[in-house]
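Structural overview
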Amino acid sequence: MAHKLFSYIAFITFFLVFFHFSTSVVSQYPYGGYSYGQLDYRFYDRSCPRLLNMVRYGVWAAYRNDTRIAASLLRLHFHDCFVNGCDGSVLLDDTEDMKGEKNALPNRNSVRGYEVIDNIKADVERFCPTTVSCVDILTLAAREAVAMAGGPSWPVLLGRRDGISASQQAANEQLPSPFEPLDNITAKFTAKGLDLKDVVVLSGAHTIGYAQCFTFKRRLFNFKGSGQPDPTLDASTLSNLQTMCPNADSSNTNLAPLDSASTYRFDNMYYTNLVNNVGLLESDQALARDPKTTPMVNSYSANSYLFWNDFGTSMAKLGNLGILTGNQGQIRNKCGAVNL
Ligand code: HEM
Ligand SMILES: *[C@@H]1O[C@H](CO)[C@@H](O)[C@H](O)[C@H]1NC(C)=O
Ligand SMILES: *[C@@H]1O[C@H](CO)[C@@H](O)[C@H](O)[C@H]1NC(C)=O
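As recorded in an unreviewed UniProt entry, the protein goes by Peroxidase and comes from Hibiscus sabdariffa. As its UniProt record puts it under Function (unreviewed entry), the protein is described as follows: "Removal of H(2)O(2), oxidation of toxic reductants, biosynthesis and degradation of lignin, suberization, auxin catabolism, response to environmental stresses such as wounding, pathogen attack and oxidative stress. These functions might be dependent on each isozyme/isoform in each plant tissue." Here the protein is described in UniProt, under the heading Catalytic activity (unreviewed entry), as follows: "2 a phenolic donor + H2O2 = 2 a phenolic radical donor + 2 H2O".

In structure tokens, the structure reads:
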């Protein structure tokens, strides 16, 4: 009898403790608790329980074939969220009445990874038809990509809906350019509800991936019309870059790693490069020069844990910009086109 009573109490205690911990884990999510508006960490738990596995598998298969895809998926998500909010608008093909974002200047012949999202979406449609938005797939894929490249992971709220339009003009006007000063870039971020810290932290994404020579070439041969290279670039970096990007238009689309110290590894070398004056884009190097951002660059260079932690926080913020929920927008059947 005593024995039975004991196991009964143990059983109840187990559940009390279990639920206590499971709820406290949920409430420990640092991004505004269990849900955000109508978003929810468990949005598809019932309607598409294997979603995360399918996204992971799709990203992994692409990554196994092409390691750079991790960088490309991360950038694709950024370019989606920065124009008309995170609504999958970047994935829409042009139509007769709509010039979309794919062909905007910062995206055309530059942004990659569309097929990876299309393939995952096709997989997801087979198991959970018309249930999961393209934008949620892209948001999860960006997180998985960073984790696969050795970076941090962060909780992603789900339940975003796909937009029904895209704007080439907005993409041209609103996405940051590597040729503009930090204050202009910061203004573009604050217009979206992000802040200066987010600029510095999210720029750390340039710890993976590549840039075409035309995005930084003026630093190599004719910096600001001086006829000379950017005097702040160190000599050996300059000569390496000049070899990769010879002084002719034919080299414009050659690729150089954004972080040559560890091109495929999501680490804090990006910041160390800036401290060492070997950042690739002018807009990157500017972060180490402006007194408003130098201290952050130094601390991320010194402390990768701090960078990882802050990167997760800023990515969660980015992923919640301008979202559609509830019965706004739609769940696209295919990511490249609005449903008829
Ligand atoms: C702060 C302002 C930013 C500017 C001016 C900028 C600019 C650029 C440029 C010019 C490229 C090279 C594109 C090409 O040559 O085709 C690039 C690549 C990249 N950007 Fe940014 N970027 C910024 C912020 C971000 C943010 C916030 C993220 C993500 C959170 C991001 C992620 C990436 C990644 C991962 C790549 C490499 C993509 C690949 O290899 O496919 N960037 N960026
Ligand atoms: C593999 O990666 C290359 C780019 O490096 C791409 O062109 C090709 O389509 C990819 N193949 C598959 C099966 O994903
Ligand atoms: C930066 O912003 C100012 C004010 O909006 C603008 O006049 C200037 O042309 C911008 N600079 C660049 C290089 O885009």
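So that's the structure; there's more coming.
Turning to the overall build of the protein, a few remarks are in order. Within the protein, the regular secondary structure consists of 14 helices and four strands. Buried positions account for 51% of the 340 residues belonging to the protein. Surface exposure of the protein reaches about 16,400 Å², of which carbon and sulfur atoms provide 56%.

Once that is clear, we can look at the pattern of salt bridges. Two side chains with opposite charge may pair up if their charged atoms get near one another. Using the criterion set out here, one finds 15 salt bridges in the structure. A salt bridge links Asp198 to Lys317; the shortest N-O distance between them is 2.7 Å. One end of the pair, Asp198, is in helix α8 (residues 196-203); the other, Lys317, is in helix α14 (residues 304-319), and 119 residues separate them in sequence. Lys317 sits in the partly exposed class, given a relative accessible area of 33%. Here the residues in one salt-bridge network are Arg56, Arg143 and Glu144, joined through shared partners.

Side chains of a nonpolar character, in soluble globular proteins, are inclined to be buried together. Within the largest apolar cluster, 74 residues are counted, with the highest numbers of intra-cluster contacts made by Leu76, Leu91, Ile117 and Phe311. Those residues in contact with Leu76, other than ones at most four positions away along the chain, are Val90, Leu91, Val111, Arg112, Gly113, Tyr114, Ile117 and Leu138. Grouped together as the second largest cluster of nonpolar side chains are 13 residues, Ala211, Phe216, Leu220 and Cys245 included.

So, about the coordination of the iron atom of ligand 1. One donor from the polypeptide reaches the iron atom of ligand 1: His206 (NE2), at 2.1 Å. Tracing the sequence through the fold places His206 in the loop between α8 and β3 (210-212).

Moving on to the layout of surface pockets. Roughly 1,000 Å³ of internal volume is contained in the largest pocket. Lining the largest pocket are 45 residues, with Arg75, His79, Pro176, His206 and Leu281 positioned closest to its centre. At the level of secondary structure, the elements contributing two or more residues to the lining of the largest pocket comprise α3 (69-82), α7 (182-190), α8, β3, α12 (282-289) and α14. Looking at which element gives the most residues to the lining of the largest pocket, the answer is α3, with six residues. Among the residues making up the lining of the largest pocket, the classes are represented as 27 nonpolar, 12 polar and six charged.

Attention shifts here to unusual backbone geometry. Positive phi values are uncommon outside glycine, yet Asn84 reaches one of about 60°. Within the secondary structure layout, Asn84 lies in the loop between α3 and α4 (114-127). Despite not being glycine, Lys224 shows a phi value in the positive range, around 50°.

Turning to its location among the elements, Asp284 is positioned in helix α12. There is no salt bridge for the buried Asp284, and the closest opposite charge comes from Arg219, which lies 7.2 Å off by N-O distance. Ignoring any residue separated from it by four or fewer positions in sequence, one finds Asp284 in contact with His206, Leu258, Tyr270 and Leu274.

Okay, empty space enclosed by the protein next. This model, assessed by the stated rule, comprises one cavity of 30 Å³ or more. If you add up the space inside the largest cavity, you get close to 80 Å³. Split into classes, the residues belonging to the lining of the largest cavity amount to eight nonpolar, four polar and one charged.

Okay, the state of the cysteines next. Two cysteines form a disulfide when their sulfur atoms are joined by a covalent bond. The final tally for this structure, using the stated rule, is four disulfides. What pairs with Cys213 in a disulfide is Cys245, and their sulfur atoms sit 2.1 Å apart. Residues Cys213 and Cys245 are joined through a disulfide that is left-handed, its torsion about the S-S bond being -70°. Taken as a pair, Cys213 in the loop between β3 and α9 (218-221) and Cys245 in the loop between α10 (235-244) and β4 (255-257) lie far apart in primary sequence, 32 residues in all. Accessibility expressed as a relative area gives 0% for Cys213, which makes it buried. Along the protein, the cysteines that take part in disulfide bonds pair up as 1-4, 2-3, 5-8, 6-7, counted in sequence order.

With that settled, consider the site of ligand 3. Residues in close proximity to ligand 3 include Glu180, Pro181 and Asn184, which together make up its full environment. Asn184 has a polar side-chain atom sitting 2.3 Å from an oxygen atom of ligand 3. Out of a free accessible area of 360 Å², ligand 3 has 27% covered by protein chains.

Calculation rules
- Numbers given to residues run from 1 along each chain, matching the order in which its sequence is written.
- Labels follow written order: the first chain is A, the first ligand is 1, and so on.
- A pLDDT threshold of at least 70 governs which residues receive local features in this predicted model, and a stricter bar of 80 or more applies before side-chain atom pairs are shown or counted, although totals over entire chains, interfaces and linings include all residues.
- Heavy atoms from the whole structure form the basis of all side-chain values; hydrogens and water molecules are not counted.
- UniProt positions are given in the numbering used here, feature names are shortened, and annotations may be inferred rather than shown by experiment.
- Every helix listed is a DSSP run of H or I at least four residues long, and every strand listed is a run of E at least two residues long, numbered separately from the N terminus.
- The buried label applies to any residue whose accessible area, calculated with a 1.4 Å probe on protein chains only, is under 20% of its type's maximum; exposed applies above 50%, and partly exposed to all values in between.
- All accessible-area figures derive from a Shrake-Rupley calculation using a 1.4 Å probe, and residue coverage is judged against the displayed protein chains alone.
- Salt bridge criterion: a side-chain nitrogen from Lys or Arg within 4 Å of a carboxyl oxygen from Asp or Glu.
- By nonpolar core we mean a set of buried residues, namely Ala, Val, Leu, Ile, Met, Phe, Trp, Tyr and Cys, connected to one another through side-chain atoms within 4.5 Å.
- Here, two residues are considered to be in contact whenever any of their heavy atoms come within 4.5 Å of each other.
- Think of the donor list as every N, O and S atom within 2.8 Å of the metal, or within 3.2 Å for Na, K and Ca; water never makes the list, so a site can look incomplete.
- The method works on a 1 Å grid over the protein atoms by themselves. A cavity is a set of points holding a 1.4 Å probe that cannot get out, a pocket is an open set with protein on both sides within 12 Å along at least five of seven lines, and residues with an atom within 4 Å of a point line them.
- Grid points are joined across faces, edges and corners, and a volume is the space filled by probe spheres set on the points.
- Ten residue types, Ala, Val, Leu, Ile, Met, Phe, Trp, Tyr, Cys and Pro, are classed as nonpolar, four, Asp, Glu, Lys and Arg, as charged, and the remainder, Gly among them, as polar.
- Counted as positive: Lys and Arg. Counted as negative: Asp and Glu. His and the chain ends are not counted at all.
- Put simply, a disulfide is two cysteine sulfurs that come within 2.5 Å.
- Any residue with a non-hydrogen atom lying within 4 Å of a molecule or strand is treated as near it.
- Counting of polar contacts relies on pairs of N or O atoms within 3.5 Å, with two restrictions inside protein: one atom must be capable of donating a hydrogen and the other of accepting it, and residues adjacent in sequence are counted only when both atoms are side-chain atoms.

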